[in-house]
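# Summary of the model geometry
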Amino acid sequence: MPSLRRAISIGALAVLPILAAVLPALPAHADQPLRAHAEARGKFIGTALSTSPLANETAYRNIAATEFNQITPENAMKWDATEPNQNQFNWSGADAIVNFATQNNQQIHGHTLVWHSQTPAWVQNLGADAMRTAMRNHIAQVAGRYASNPTLVSWDVVNEVFDDNGNMRNSFWYQRLGDTYIADAFRAAKAADPDARLCINDYNVEGINAKSTAMYNLVRSLRAQNVPVDCVGFQGHLSTQYGFPSQVQQNVQRFADLGVQVRFTEIDIRMLTPRTAAKDTQQATYYRDIVNACLAVTQCAGITIWGFTDKYSWVPETFPSEGAALIYDENYAQKPSYTAVHNALAGGTNPPDPTDTTAPSRPGTPTASAITATGATLTWTASTDNRAVTGYTLYRGTTQLATSTTNTVTLTGLTPATAYTVNVVARDAAGNTSTASPTTTFTTPAGPTNPGTGCTPTYRTTNTWQGGFQGEVTIRCTSAATTWRTTLTYPTGVNVTQNWSSTLTTNGTAFTFANAPWNGTIPAGGTTTFGFIGSWNGTGTPPTPTLS
Ligand code: G3I
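Chains are numbered independently. Their residues run from 1 in the order of the written sequence. In keeping with the predicted nature of the model, local features appear solely for residues at pLDDT of at least 70, side-chain atom pairs appear and are counted solely at 80 or more, and the whole-chain, interface and lining totals rest on all residues. Just so you know, side-chain values use all the structure's heavy atoms and leave hydrogens and water out.

The subject of this paragraph is the overall build of the protein. Only runs of H or I of at least four residues qualify as helices and only runs of E of at least two qualify as strands under DSSP, and these elements are numbered from the N terminus. Across its full length, the protein carries 16 helices and 25 strands. Taken along the three principal axes of its C-alpha coordinates, the protein extends 85 × 60 × 50 Å. Buried means the residue's accessible area, taken with a 1.4 Å probe over protein chains only, is under 20% of the maximum for its type, while exposed means over 50%, and partly exposed covers the values in between. Taken over 548 residues, the protein has a buried fraction of 52%. The criterion used for residue contact is that any of the two residues' heavy atoms lie within 4.5 Å. Put simply, 73% of the contacts in the protein that link residues at least 6 apart link residues at least 24 apart. Separation of charge centres in the protein, based on 33 positive and 35 negative side chains, amounts to 8 Å. Under the convention used here, Asp and Glu are negative, Lys and Arg are positive, and both His and the chain ends fall outside the count. By convention, the point assigned to a charge is CZ for Arg, NZ for Lys, CD for Glu and CG for Asp.

What follows deals with the sheet that holds strand S19 (residues 468-477). Strand order in the open sheet formed by 4 strands is S18-S19-S24-S21, and the pairing between neighbours is antiparallel. Both edges of this open sheet fall to strand S18 (455-465) and strand S21 (494-500), since each of them pairs with a single strand only. Taking each pair of neighbouring strands and ignoring which way they run, the sheet shows an average axis angle of 25°. Pairs of strands are assigned from DSSP output, requiring at least two bridges between the strands. Fitted lines through C-alpha atoms give the axes, limited to the stretch in contact for helices. The angle between two N-to-C directions lies from 0 to 180 degrees.

Take the site of the ligand next. Here a residue is considered near a molecule or strand provided that any single heavy atom belonging to it is located within 4 Å of it. Taken together, 14 residues are adjacent to the ligand, and Glu 74, Lys 78, His 111, Glu 160 and Glu 266 come closest. Pairing of N or O atoms within 3.5 Å defines a polar contact, subject to two protein rules: one partner must be a possible hydrogen donor and the other a possible acceptor, and residues neighboring in sequence count only if both atoms are side-chain atoms. At 2.9 Å, a side-chain N or O of Glu 160 approaches a nitrogen atom of the ligand. Between the ligand and Glu 266 there is a distance of 2.6 Å, counted from a nitrogen atom to a side-chain nitrogen or oxygen. Computed by Shrake-Rupley with a 1.4 Å probe, the accessible areas treat only the displayed protein chains as cover when residues are assessed. Protein chains shield 49% of the accessible area of the ligand, which is 790 Å² for the free molecule. Residue classes in the shell around the ligand are distributed as 3 nonpolar, 7 polar and 4 charged. Only Asp, Glu, Lys and Arg are considered charged in this grouping, and only Ala, Val, Leu, Ile, Met, Phe, Trp, Tyr, Cys and Pro are considered nonpolar; every other residue, Gly among them, is considered polar.

So, on to the side chain of Thr 509. Within the element layout of this structure, Thr 509 appears in the loop between strand S22 (503-507) and strand S23 (510-514). Only 2.8 Å separates the side chain of Thr 509 from the backbone oxygen of Tyr 490, close enough to count as a polar contact. Look past the residues within four positions of Thr 509 in its chain and what remains in contact with it is Leu 488, Thr 489, Tyr 490, Pro 491, Thr 492 and Val 494.

The next subject is the sheet that holds S22. Sheet strands pair by backbone hydrogen bonding; their relative direction is either parallel or antiparallel. Overall, antiparallel pairing links the 4 strands, which are arranged S22-S23-S20-S25 in an open sheet. With one partner strand each, in any of the chains shown, S22 and strand S25 (546-547) form the two edges of the open sheet. Here 5 bridges tie S22 to S23, and the two strands are oriented antiparallel to one another. Paired with Leu 504 across the two strands is Phe 513, which belongs to S23.

Take helix H16 (residues 336-346) next. Considered for burial, the residues of H16 that qualify are Ser 337, Tyr 338, Ala 340, Val 341, His 342, Ala 344 and Leu 345. Buried residues along H16 sit against helix H3 (34-40), strand S1 (44-49), helix H5 (58-67), helix H14 (277-296) and strand S9 (300-305). Positioned one or two residues after H16, Gly 347 has a phi angle of 90°, which is positive.

A word on the state of the cysteines. Two cysteine sulfurs form a disulfide in these notes if their separation is within 2.5 Å. Following the criterion strictly, the structure yields 3 disulfides and no others. Residue Cys 455 pairs covalently with Cys 477 via a disulfide, S to S 2.1 Å. Every disulfide takes its handedness from the sign of the S-S torsion; for Cys 455 and Cys 477 that torsion is 105°, giving right-handed. Highlighted residues: Cys 455 in strand S18 and Cys 477 in strand S19, separated in sequence by 22 residues. In terms of burial, Cys 455 and Cys 477 fall into one category: buried.

To continue, consider the nonpolar core. Ranked by internal contacts, the top residues of the largest apolar core, which has 96 residues, are Trp 155, Trp 173, Ile 200, Phe 255, Phe 264, Phe 308 and Ile 327. In terms of residues, this core owes the most to one element, helix H11 (residues 180-192), which gives 8 residues. Those residues in contact with Trp 173 that lie beyond four places of it in its chain are Trp 79, Val 114, Trp 115, His 116, Thr 119, Val 123, Met 131, Met 135, Gly 178 and Tyr 181. Buried residues of nine kinds, namely Ala, Val, Leu, Ile, Met, Phe, Trp, Tyr and Cys, make up a nonpolar core once their side-chain atoms join them within 4.5 Å.

UniProt positions are given in the numbering used here, feature names are shortened, and annotations may be inferred rather than shown by experiment. Those residues carrying the UniProt feature "domain: GH10" (unreviewed entry) are residues 38-344 in this numbering. Secondary structure across residues 38-344 comprises 43% helix and 19% strand; the distance between its end C-alpha atoms is 10 Å.

The UniProt record annotates "active site" (unreviewed entry) at Glu 266. Residue position: Glu 266 is located in strand S8 (residues 261-272).

Let's shift gears to the pairing of strand S17 (residues 440-443). Residue alternation in S17 divides its side chains into a buried set, Thr 440 and Phe 442, and an unburied set, Thr 441 and Thr 443. Here strand S16 (residues 419-428) runs beside S17; their pairing, made up of 4 bridges, is antiparallel. Note that in S17 the partner of Ala 419 across the bridge is Thr 443.

On to the packing of H14 against H16, then. Relative orientation of the contacting elements H14 and H16 amounts to 25°, with a least axis distance of 8 Å. Here H14 is positioned roughly parallel relative to H16, judged by the angle of their axes. The element H14 and its partner H16 pack so that their crossing is right-handed. In contact with Asp 280, Gln 283, Ala 284, Tyr 287, Arg 288, Val 291, Asn 292 and Leu 295 of H14, H16 contributes Pro 336, Ser 337, Ala 340, Val 341, Ala 344 and Leu 345. Its residues placed into classes, the contact of H14 with H16 shows 9 nonpolar, 3 polar and 2 charged. Each angle gets one of four labels, with under 35 degrees taken as roughly parallel, over 145 as roughly antiparallel, 65 to 115 as roughly perpendicular, and the rest as oblique. Helix crossings are classified by the rotation of the near helix relative to the far one: an anticlockwise turn of less than a right angle makes the crossing left-handed, while a clockwise turn makes it right-handed.

Helical geometry note: an α-helix holds 3.6 residues per turn, so side chains three or four residues apart project in the same direction. Val 248, Asn 251, Val 252, Arg 254, Phe 255 and Ala 256 are the residues of helix H13 (residues 248-256) that are buried. On its buried face, H13 sits against helix H12 (210-224), strand S6 (231-234), S8 and H14.

With that settled, the discussion passes to the domain arrangement of the protein. Domain boundaries shown here were taken from an automatic or database domain assignment. Domain boundaries assigned for the protein yield domain 1 (4-346), domain 2 (367-443) and domain 3 (452-547). Relative to domain 2, the C-alpha centre of domain 1 lies at a distance of 33 Å.

Every case where a carboxyl oxygen of Asp or Glu lies within 4 Å of a side-chain nitrogen of Lys or Arg is listed as a salt bridge. On inspection of all chains with the given rule, the structure shows 12 salt bridges. Among the salt bridges present, the one from Glu 472 reaches Arg 460, with a minimum N-O distance of 3.0 Å. Placement of Glu 472 in strand S19 and of Arg 460 in strand S18 is noted, with a sequence separation of 12 residues between them. Under the relative-accessibility criterion, Glu 472 is labelled partly exposed at 21%.

Given below as C-alpha cells:
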C-alpha cells in the first residue's frame, strides 16, 4: 500500500506527477537533466553513490545532485559498514548520503539489510538462534534509524538469495536458517519501517530464465503468506559480450502483475576494454532498452544506474578485462549511453511507431474520492497496450477536464453542488485511443455560503496609486470552516487584475474570491487573508466594495 509518508516523503517527486496529471502533459525541455525527464514520466532515475568521492569531489557531487532524483548508497548501508561489530553501529557513511539526498530533494533506496556478502565474520559465525536474533536486531536498528526520515522510501530487504540455476543460494543464512530467513527479514523490516517499500533484489533476473522464474515463484508464494514483499528489484549488471537479456519487458510485467512494484536497481553495462565507438553504441542501445522497458510497465518505479562515472565502478576490479560500464567516462564526460538514457526518458528514441494500430484496452470505471466543493480525485484501473500507454484524458461529455500520465488525476476548480459525469480514454504514443471507460457520476457538495458559516470578511485598501489599488480581505471565523468564499461588488470602472491566496471568479464587477486548495481550513477563532490588485478608471480614493 502506498503510504502517506511515502507520498509526502518524495516531496517534489510526488508533486511533479500530480502536476503532470493536472496540467496538460508538459515534456521536460530537451536539454534538461535526466531527473527532469524522469519526473515528467513519473519515474525515478537513480545512481549509486560512494561516500569517498561524495566527500572529496565537486564534479562528482554536482552531477549526482543535478542528474538524479534517487540515490542508493553503494556500500554505506551494508552490514559491514553499519554494524561491523555486534551491536556497535556506525552511521557516518549512511548519514552522509542521506544528508546529501535530503539537501538535493532526492529519494534514498536503502541497500541492503540481509546479504551473504559484505557481512562481517561475527554474523557468519553465529549459531542458528543467535543469527536469527542478530538479523532481526540489525534490521530493527538500521531500518528503524531512518523510518521517520522522509528521504528514505524503500529498502532492499534481502539481496541475491538465488543461484543462477534457480536454486536457493547456499549462503550462511540459508545453511543456518533455511529459507525462513527471507520471510523473517521482510517481517522485521515491516515492523521497523512500516511505510517503506520493501524489495527483494537480484541479478541475472532481468529476462525470463530459470532464476527469474524461481524469484517469481518465491514472490508469489511469500505474498500468498502475507509476507510484506511489495517490490522486486532487477539489478541489471549486463555485459555487451553476453547480449541483451530476452523478454525483459514481459518479465518485469509478469512480476508487476503479482501486485508488486518493480524497478531496475543497479544498471551497468560493461564491455571488453578498451572502449570503441561500436561498443559504446551497443552499450547505449542496452541502456535505452532498459529505460524503455521500465517506461512501458506502469508499475516500474524507475531505473538506478550503479554509479555514473567509469572513474568509480566496481567492474574492473571484479572483471579485469571489462569496464567502461557507466554513462560518464573517467573524466566526467557524457558518453553515448548518457544520451541514450536521456533521450529514452525524454521520449526521443521512442518515437511513435506508425505501424502500431493497436489501441490501448478500455480503462476501468473511474472512482471518485476526496470530493470537495471544488475538487475530486479520480482513479481507474489502468489500460494495457501492445507498446505502452502514454496517457489518459478525462472527459465530462465532450469537454476535456484533465490529462494524466498515470491512472489517477486530481481535479481542482470544480463548481460546488454540481453533478459531474466523467469517463476516461487511454492513448498510446502512436495516437491510438481506447474505447472510453464506463462513466461515473459524482456530485460536489455545496460550497460555503458567502463567506462561510460563522465567518466574517473585513476589507481594507492597503495601497493606492493613479489608476489602481491593492486590496486585502481578512476572513475571521467563529466556528471552524473547511472552505470559504466572499464576493466583493464594485461600481463599474473597477477590475481585479491579480489575486493571491484565493481563486477568483469574475461576474461583471462582482468578484468572488474562494479559498485556494491549501487555505480552505480556518480553525474556530482563526483568520485567513487574501489580497488582490485592482484597476480603476476614476480619480481620488478608490471605491470600497460591498461584501457578501
Ligand atoms: O572498505 C574497504 C577499504 O577499507 C579497503 O581499503 C578496500 C581495499 O580493497 O576495500 C574496501 O572495501 C571494498 C568496498 O567495495 C568498499 O569500497 C571492497 O573491497 C569491495 O569488494 C567492495 O565492492 C563492492 C561490492 O558490491 C562488494 O560485493 C562494490 O563497491 C559495490 O559496487 C558492489 O555492489 C554490489 C551490490 O551491493 C549488490 N549487487 C551487485 C553489486 C556489484 O557487485
